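Structural features, examined
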Amino acid sequence: MADPDTLIKAKIHYFCRERQFHAMQFAAVEGMKRFSGDPAFKFFYGMALVLEGQLQEGIRELDSLQTYSEVQLGSLLALIHAHKKCQPVDKEAVTQLDAKLKDERKRADDQALYYAGIFLLHIDRADKAKEYVDRLLKINPQSKEGLILKGWMEVSILRESKSKNALQYFEAVLKTNNRNIEAIFGKSKYYELCGHFDEAIELLNQLIVVYQNFSPPLVEKMKVQLCLQDWDQADETANRILSTDPKNIEGLKFKVLQTICRKGVYEDACLQLRKFYAELEKAEPKNAQIFLLNAQLFSRICGRDSLILEVTSMFAEKAASIDSTNSVNMAEVGYQHLLRGRVKEAQRYYKTATKLDESSIQALSGIISCQLHEKQYEIAKEQLDFLKEIQGGTVNKSEILYMSAILGRYTSVPSEDVLSNLNEAVDSHFRAVRGLTFGPEYLTVMNPDFVVLLVKEYLLYAPSNPATQGQAIAAPLKKSLMILEPVTKACPGLKDALYLLSKAKFLSGDLKSAVSTLQHVLDNIDPTCADSHLLMAQIQLHQGNFMNAQQSLEVGLSYNFEVRDHPIYHLINAKVLKTQGNTTDAIKTLQTALNLVNRKKQGSAGKQSKTEFSMTDKVSVYLELAEAYRQTGQNQEASRIMNDAMSEYMGTVEEIRITVANADLALAKGEVDSALHILRAITSTQPYYLQAREKMANIYLHHRKDKKMFAQCYREVVEKSPSPQSYLLLGDAYMSITEPERALEIYEQALKRNPRDSLLAAKMGQALQKTHQYGKALNYYKEAVKDEDNNSLRYDMAELQMRLKTYDRSEKTILQALQLEQENQNDLNSLIFQAKFQTLLAKVQEKSNNLEASIQTLGQAKLLRGRILKRVQVEQPDAVLEQKQLAAKVCHQMAEHSVLQRNYDAAIQFYKEALQFHPDDDIALCALARLYLMNDDLDQCQYTCMTLLRNDKENEEATIMMADLAFRKNDYESAMFHFQQLLTNKPDYWVALARLVEVMRRTGHLEDVPEYLQKSEEHVGTRSSLEPGLNFCKGLFEWYSGNPNNALKLFNKARRDNEWGQRSIYNMIEICLNPDNQMLGGEVFESVDSDVHAESRDSQEMALRTADKLLKELKPKAGQQQISFQLLQGMLQLATKNKANIERALQDFLQLAAQDNQRENVGAVLGMATAYMLLKQTPRARNQLKRVSKYSWNFEDAEYLERCWLLLADIYIQGGKYDMASELLRKVLNHNKSATKAYEYMGFIMEKESSYKDAANHYEAAWKFSNQANPTIGYKLAFNYMKARRHADAIDVCHSVLQKYPNYPKIKKDILEKSRASLRS
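Quick notes on the rules
Residues numbered from 1 in each chain as written. Predicted model: local features only at pLDDT ≥ 70, side-chain atom pairs only at ≥ 80, totals over all residues. Heavy atoms only, no water. Helix = DSSP H or I, 4+ residues; strand = E, 2+ residues; numbered from the N terminus. Buried < 20%, exposed > 50% of the residue type's maximum accessible area, 1.4 Å probe, protein only. Contact = heavy atoms within 4.5 Å. Patch = residues over 30% accessible without salt bridge, like charges linked within 9 Å, V, L, I, M, F, W, Y side chains within 5 Å. Areas by Shrake-Rupley, 256 points an atom, 1.4 Å probe, with all protein chains shown as cover. Salt bridge = Lys/Arg side-chain N within 4 Å of Asp/Glu carboxyl O. Lys, Arg positive; Asp, Glu negative; His and termini not counted. Charge placed at Lys NZ, Arg CZ, Asp CG, Glu CD. pLDDT = per-residue confidence, 0-100. Axes fitted to C-alpha atoms, helices over the stretch in contact; angles between N-to-C directions. Parallel < 35°, antiparallel > 145°, perpendicular 65-115°, else oblique. Left-handed = near helix turned anticlockwise from the far one by under 90°. Nonpolar A, V, L, I, M, F, W, Y, C, P; charged D, E, K, R; others polar. Phe/Tyr/Trp six-rings, centres within 6.5 Å; stacked < 30°, edge-to-face > 60°. Lys NZ or Arg CZ within 6 Å of the ring centre and 35° of its normal. Expected span 1.5 Å × (residues − 1). Core = buried A, V, L, I, M, F, W, Y, C linked by side-chain atoms within 4.5 Å. Polar contact = N/O pair within 3.5 Å; in protein donor to acceptor, adjacent residues only side chain to side chain.

Quick look at the overall build of the protein chain
Counting secondary structure elements, the protein chain contains 72 helices and zero strands. Across the 1321 residues of the protein chain, 55% fall into the buried class. Taking the intrachain contacts of the protein chain between residues at least 6 apart in sequence as the baseline, contacts between residues at least 24 apart amount to 58%.

Re the environment of Arg-1001
On the secondary structure map, Arg-1001 appears in helix α55 (residues 990–1002). Along the chain, Arg-1001 and His-1231 lie 230 residues apart, while their C-alpha atoms are 9.9 Å from each other. Excluding anything up to four places from it in sequence, Arg-1001 contacts Leu-1006, Tyr-1040, Glu-1199, Asn-1232, Lys-1233 and Ser-1234.

Some points on a positive patch on the surface
Taken together, Lys-805, Lys-843, Lys-847 and Lys-889 make up a surface patch of like positive charges. Tracing the sequence through the fold places Lys-847 in helix α47 (residues 828–847). Judged by relative accessible area, which is 40%, Lys-847 ranks as partly exposed.

Some thoughts on the pattern of salt bridges
The tally for this structure, following the rule as stated, stands at 43 salt bridges. Where Asp-235 meets Lys-255, a salt bridge forms, and the shortest distance between an N and an O atom there is 2.5 Å. In this pair, Asp-235 is assigned in helix α15 (residues 231–244) and Lys-255 in helix α16 (residues 249–263), connecting sequence segments 20 residues apart. A single burial state applies to Asp-235 and to Lys-255, both of which are buried. The partner of Asp-449 in a salt bridge is Arg-304, and the shortest N-O contact between them spans 2.9 Å. On the criterion of sequence distance, the pair formed by Asp-449 in helix α27 (residues 448–459) and Arg-304 in the loop between α18 (288–301) and α19 (306–322) is long-range, its members being 145 residues apart.

Thoughts on the confidence of the model for the protein chain
Mean pLDDT over the protein chain works out to 82, with 89% of the residues at or above the 70 mark. This model gives residues 603–611 a pLDDT under 50, and the stretch forms six contacts once residues within four places in sequence are excluded.

Quick word on the packing of helix α45 (residues 791–803) against helix α46 (residues 807–821)
Two elements in contact, α45 and α46, have axes whose closest approach is 8 Å; the angle formed by their N-to-C orientations is 160 degrees. With respect to each other, α45 and α46 are oriented roughly antiparallel. Where α45 crosses over α46, the handedness of that crossing is left-handed. Between α45 and α46, the residues in contact are Asn-791, Arg-794, Met-797, Ala-798, Gln-801 and Met-802 and Tyr-807, Arg-809, Ser-810, Thr-813, Ile-814, Gln-816, Ala-817, Leu-820 and Glu-821, respectively. The residue inventory of the contact of α45 with α46, partitioned by class, reads seven nonpolar, five polar and three charged.

Considerations on the packing of aromatic side chains
The final tally for this structure, using the stated rule, is 26 aromatic pairs. The ring of Tyr-410 carries the charged tip of Arg-409 above its face, separated from the ring centre by 4.7 Å. A cation over a ring is seen here: Arg-1001 above Tyr-1040, with NZ or CZ 4.1 Å from the ring centre.

Describing unusual backbone geometry
Here the phi dihedral of Gln-229 falls at roughly 60 degrees; this positive angle occurs in a residue that is not glycine. Within the fold, Gln-229 resides in the loop between α14 (216–227) and α15. Take Gln-229: its relative accessible area is 9%, and that puts it in the buried class. Here Lys-805, not a glycine, exhibits a phi torsion of approximately 65 degrees, which is positive. Residue position: Lys-805 is located in the loop between α45 and α46. Lys-805 sits in the exposed class, given a relative accessible area of 62%.

A word on helix α24 (residues 397–410)
An α-helical turn contains 3.6 residues, so a residue and the one three or four places further along point in the same direction. Spanning 14 residues, α24 covers 20 Å between terminal C-alpha atoms, matching the ideal 20 Å at 1.5 Å per step. Here α24 lies mainly inside the structure; 10 of its 14 residues are buried. All of the buried residues along α24 are Ser-398, Ile-400, Leu-401, Tyr-402, Met-403, Ser-404, Ala-405, Ile-406, Leu-407 and Gly-408. Summarising the contacts, the buried residues of α24 are in contact with α22 (361–373), α23 (377–390), α25 (415–433) and α27. Residue Ser-412 follows α24 closely and has a positive phi angle near 60 degrees.

Here we look at the side chain of Asn-287
Note that Asn-287 resides in the loop between α17 (266–283) and α18. A residue is classified by how much of its surface remains accessible, and Asn-287, at 2% relative accessible area, is buried. For Asn-287, the contacting residues outside a window of four places in its chain are Arg-19, Gln-20, Phe-21, Glu-52 and Ile-322.

Description of the nonpolar core
Ranked by size, the top nonpolar core spans 194 residues in total, and within it Phe-44 and Leu-443 carry the most contacts. In terms of residue count, helix α3 (residues 39–52) provides more of this core than any other element does, 10 residues in total. With 120 residues, the next largest nonpolar core counts Leu-983, Leu-1036, Ile-1071 and Ala-1198 among its residues.

Considering the packing of helix α67 (residues 1218–1231) against helix α68 (residues 1236–1248)
Two elements in contact, α67 and α68, have axes whose closest approach is 9 Å; the angle formed by their N-to-C orientations is 150 degrees. The orientation of α67 with respect to α68, classified from their angle, is roughly antiparallel. In this structure, the crossing between α67 and α68 has a hand that is left-handed. The segment α67 lies against α68, with Tyr-1218, Ala-1221, Ser-1222, Leu-1225, Arg-1226, Val-1228 and Leu-1229 engaging Ala-1238, Tyr-1239, Tyr-1241, Met-1242, Ile-1245 and Lys-1248. The residue inventory of the contact of α67 with α68, partitioned by class, reads 10 nonpolar, one polar and two charged.

Describing helix α31 (residues 530–543)
Taking 1.5 Å per residue, 14 residues should reach 20 Å; α31 reaches 20 Å between its end C-alpha atoms and fits that length. In terms of residue burial, α31 counts as a mostly covered element, since 10 of its 14 residues are buried. When α31 is considered as a whole, its buried residues turn out to be Ala-530, Ser-532, His-533, Leu-534, Leu-535, Met-536, Ala-537, Ile-539, Gln-540 and Leu-541.

Observations concerning the side chain of Ser-552
With respect to the helices and strands, Ser-552 occurs in helix α32 (residues 546–559). On the basis of relative accessibility, which here comes to 10%, the residue Ser-552 falls in the buried class. A distance of 2.8 Å separates the side chain of Ser-552 from the side chain of Gln-540, its partner in a polar contact. Excluding anything up to four places from it in sequence, Ser-552 contacts His-533, Met-536, Ala-537 and Gln-540.

So, in structure tokens, the structure goes:
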């Protein structure tokens, strides 16, 4: 159980740090009651009164402590502070107290210095507190209280000093008492300010466990979780706080913050905020500062919601009523009125604030803001000039620069100067935010409301049409996107910011992200947002989705009828009508829009519409109407509208846009020279100069096909404005016309001007690679990253090293990058980079044959992607889809590795995880279906295929698998239906036809194939004999039908084709290696086969030479193709039956099987087993083949698997193990009902068991599927017919054999004559 004295003092210190002075008083009173003899609690009570602003009461309390030596020094400091705050100041009392302080300071002991230091620290006099604390520690170096105070003092100056000293003081205390509350709080705060949030939470958890009824550790934990932007965990902690203390003001404050900031649900937030206000009034009734801070916080993040602002005004007014002499409080009330559009009231409060403090920058800038609202530009200009003179430091600097930009726009100052002021305002504003961790202070200082105003101003200077692919993004748009990112990350529920982000992305040409962000607003924040529906309609219109655009307009209209009063509504409607060919109605709609524009202009004194009319919108209406007139041949009207627009907006930012539109109209008429003349007239000092030059460049490239003039346009940009951006454009231009050498020169010049530009550096590296200067590119990357933490360049460098196969160097580069990124492990962008590097590292490890490490790295990447996905849903909702796809991609790679290791269950699990990340992932669904098929899980395969076909009815792979499934279930009608569906829609879909031949063979229905081949041949027509795909399919059919010579001729016709050539050559090699379908390595039929084929030794040697020649033609790619190539090389060596060649092939197969990802390779196992059999090492062969006897059948390994099973069956038959052989043979026939050799082996077993009838049935199937071409099978069939007393059938088979092989030994004497004799008798 904790000491009560310790807990009460911990509360006092905590509430004092949190500026909750009323709560501090209650804690001090509790201490005074329990420990009446301890003057420390009386000191803390008096100190709390003074800090709260109850000066007289505080003075009375502190005066009574002058007789207590341990608190006397602190009391004197507090009294001096209180007297100086009083109005008027009692100078005589201050003088007396100062004199007494000097005397007491000389003889003060460590306790007196401690309380003096505490007071000074809490009135933000850390410099003065340092003197007292240092002296304290000199007197008593082991003082725990002194060490803790010194630590807190270091923490208070941590942001400025970046010192790590604080930690040593807290740790010194914790060595002797590891449960010291103040030391643990201090250490936690230090970690929090340094960004080590996990360590901070770990320390707070210790306090939570030990001091279970002490709420401050939970509150601090909630704040740290908020720093991490882990809203869910913070919410859970807040619920825990409020469950034990329903009136806890920090818990209530978080709830309001979450509802406004994260969710954007302002109605609920308003109720929560009122409740929070009521509880704050009770908890801190005289704490002006705490009311002020909350007024500032919630008013800046609420998107100017009227309900929220009404309550935040109450907070500000409460602060002003508590401390009416404070100009900051009064100015804040004025600001609250300004946010609510009450300019007159705001002006009144600002003027009151200036009376309280004539030099109040906040009040003076507020007055100017009011003057700008009332269009008093002359007065505002004078006041602004005066304010710039008296303004010192950075107080309100960004607001002053922003007002200068606004004034500049209204008084026709050049746009460059306006943008310069805005840029300065942004730099100044975000400089203040730097170094702050996320939380209430961060949000107040960042002031999302002000950032939204800045962006709105920037967008007035942005192009009105989206950038095309490859076109440079305008500077105002770049700046807008840059400053909106931290706002939308901090306030994911701020509708206005998200809307502006969508607009900026749309204008930047990033339509996908723009739509995603808008959809997030409409789905999760405010489905009634009319502006979002309008923007969505604009984007859909730009994409050519006219019906969707119209639908978005109607949905927006259903939520807000004022949408009809917005010109954009009519503008989009007109564009849709025009696209549908209804130009007449489009003109009427545009005229309505123009009337609205003019009515707004004339009737601005009347009731103000909620929808904004930007100058850009108005000009868009003019330009669209002119274009519509031109399309209907009303050129005179078109010219009139353009002239009206020019006269209306001459001298404004939009004038040049109208000029550029004139050029577009000229180009549309085919007047290229006229368009170029208009664009050439736009000078470098005017807005849209860069866009005009880019448009000119595109005209030269696409209309004139003049690459020289295309580049010249960008050279002119560089001459007029030799900025790094201009050089970058010129370099990109050279890259786009495939002149990388010249681009390289330009990038080098740009880098000299801006050596730290990471984008330039990346482009430089790419240009060096394009010119094949890989060594130079690597050296450049090494130099570029030497002194900088530029991990995007490190990524390019590692990727290049991987491509150059220097895997160890690539891995080293990646590990360096990951080490750098771990320093910012809680930053979202850093996490994204880490995941990217982990994925690349896995690829490098895979290529260097370190498969285990690759899988482990992918596991880490998957965990990272999960964390990222959780964060982006809150911080970057528009990036959610992309991150889901990337997470799914990692699962794909893990699944592929598992497939290589034949761990199909793991592969299935990984693909399922991929689908959890991205449910519509067709690649994962296809792969999953294939795996289910391989595992004989036909129901799951069917379900997956049906899911695929629901998503995409035309998915060909799913349809093929459905057909395969139907064949496996003997449902031939369904199978035929699927294949017919594919081949009816696309008779020349050779992939499906080839699979049909394969499936027909495996189901024993090869006789049905010619019908489909005939239909495809008829579809192709006269060129059928030249069609590679068709020849391949016909070759496949002939090969499976036992006609190897015809098959070779047909495959030869497809041999030179890019798509079918490699597969044809592989098949030709297979035929050459085994034209007569012998069992290489098998011993059961060895003597028979050697007798039959003895005469064809020369042709066999010729076939092997042909196979060798064909093998040299193959150009395998790295990966599976390379493995197949190595297997064929080995099989060719085996087919020679030369001992040296067999031993060489065996070594090759062993090396292949030794690779991590090829241990389970069926082809390698078959090769090794065959080699052992040819070397007469049967036990070794059997051991190898047993490994694959339990493998699941799959299409990819089907041929090698079946041959393995057949060879193992051969070994079992030789050993007399007919049952085991039969089981394997049935397994083969289950998957391939045309397997001649399997039927032959089954016939042999039955014959050995004297079951001649069954033997005859199996030999009959073998004879049928060998196309009655193998005399050995014919002989055995005839023999077993004879034994089964089917003499007539035996005679027929004998005639068939003798017709093809007249000199076939024994058949005439042994079977034909005996059968005839038996018939006669």
